[in-house]
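Inside the fold
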Amino acid sequence: MNRIAAAGFAFLALAFLTGCTTQGSGTPQNPKEINTTTLPAEASAAAQSHPGLSAAILQAVNAYRAEKGLGQLAADANLQRIAAVHAADMQLRGFFGHFNPDGQGPRERMMAVNPCFTGRIAENIEVVEGPSHAAMSDTELANSLVKKWIESPMHRKNIKAPEMTKSGVGIARQGNRIIAAQVFGSR
């Protein structure tokens, strides 16, 4: 019985290891090179400023941080840029996530606009749809978006991170669909 179990284990181990190699060379493929020098061109051109809603989101996040005894986040132009481009990129290419189809995440986007950045970075994203959201005032919509983030443990953790000192908010709107991205940075 032990020989049967050992033979079964050896077969499973061999099958697993075979799946780890690439066809042909037997060596792992090189990971995809991720662009850290430029932001997606089409999204960069399409990114729009929504100063009222962006300011309202930052104000709602800062109000929550104040309730928790945390320092205020300052608006940051670089973080604002990468948040706006990421929101536009999600809208244009029809994806929703922290990494775009090219593999760029928040850190890679930051490195594209500030190659000397050495701080910590975090990102919250949200999408809402429907005429009720589209009809909201900037303050109402900001409060709704921030409430959703606060209800999510990982998003709340980003908002409450005491080492974060600055932020940028990007918005993409198309009809009744609104995508918000908030990027946080430490010094």
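Now for a look at the structure at hand. (Residues numbered from 1 in each chain as written. Predicted model: local features only at pLDDT ≥ 70, side-chain atom pairs only at ≥ 80, totals over all residues. Heavy atoms only, no water.)

1. Comments concerning helix α3 (residues 51–67)
Since the α-helix turns once every 3.6 residues, residues separated by three or four places project in the same direction. For clarity, the cut-off: We count a stretch as a helix when DSSP gives it H or I for four or more residues in a row; a strand needs E for two or more, and each element gets its number in order from the N terminus. The span one expects for a helix is its residue count, reduced by one, times 1.5 Å. Buried residues are those whose accessible area, probed at 1.4 Å on protein chains only, stays under 20% of the maximum for their type, while exposed residues exceed 50% and partly exposed ones sit between those limits. Contacts between residues were defined by any pair of non-hydrogen atoms, one from each residue, lying within 4.5 Å.
Spanning 17 residues, α3 covers 24 Å between terminal C-alpha atoms, matching the ideal 24 Å at 1.5 Å per step. Where α3 is concerned, the buried positions are Leu53, Ser54, Ala56, Ile57, Leu58, Ala60, Val61, Asn62, Tyr64 and Arg65. The inward-facing, buried residues of α3 contact β1 (74–75), α4 (77–93), α7 (138–151), α8 (153–160), β3 (166–174) and β4 (177–185). Immediately downstream of α3, the backbone of Gly69 shows phi near 75°, a positive value.

2. With respect to the environment of His155
Summarising the element assignment, His155 is placed in helix α8. Spatially, the C-alpha atom of His155 lies 9.2 Å from that of Ala122, the residues being 33 residues apart in sequence.

3. Some words on the side chain of Arg109
This is how the line gets drawn: For the purposes of these results, a polar contact is taken to be a pair of N or O atoms within 3.5 Å, where, inside protein, one atom must be able to donate a hydrogen and its partner to accept one; residues adjacent in sequence count only when each atom of the pair is a side-chain atom.
Locating Arg109 in the fold gives a position in helix α5 (residues 106–113). Residue Arg109 is classed as buried on the basis of its relative accessible area, which comes to 1%. At a separation of 2.7 Å, a polar atom in the side chain of Arg109 contacts the side chain of Glu123. Non-local contacts of Arg109, meaning those with residues more than four positions away in its chain, are made with Leu39, Ile82, His86, His98, Gln104 and Glu123.

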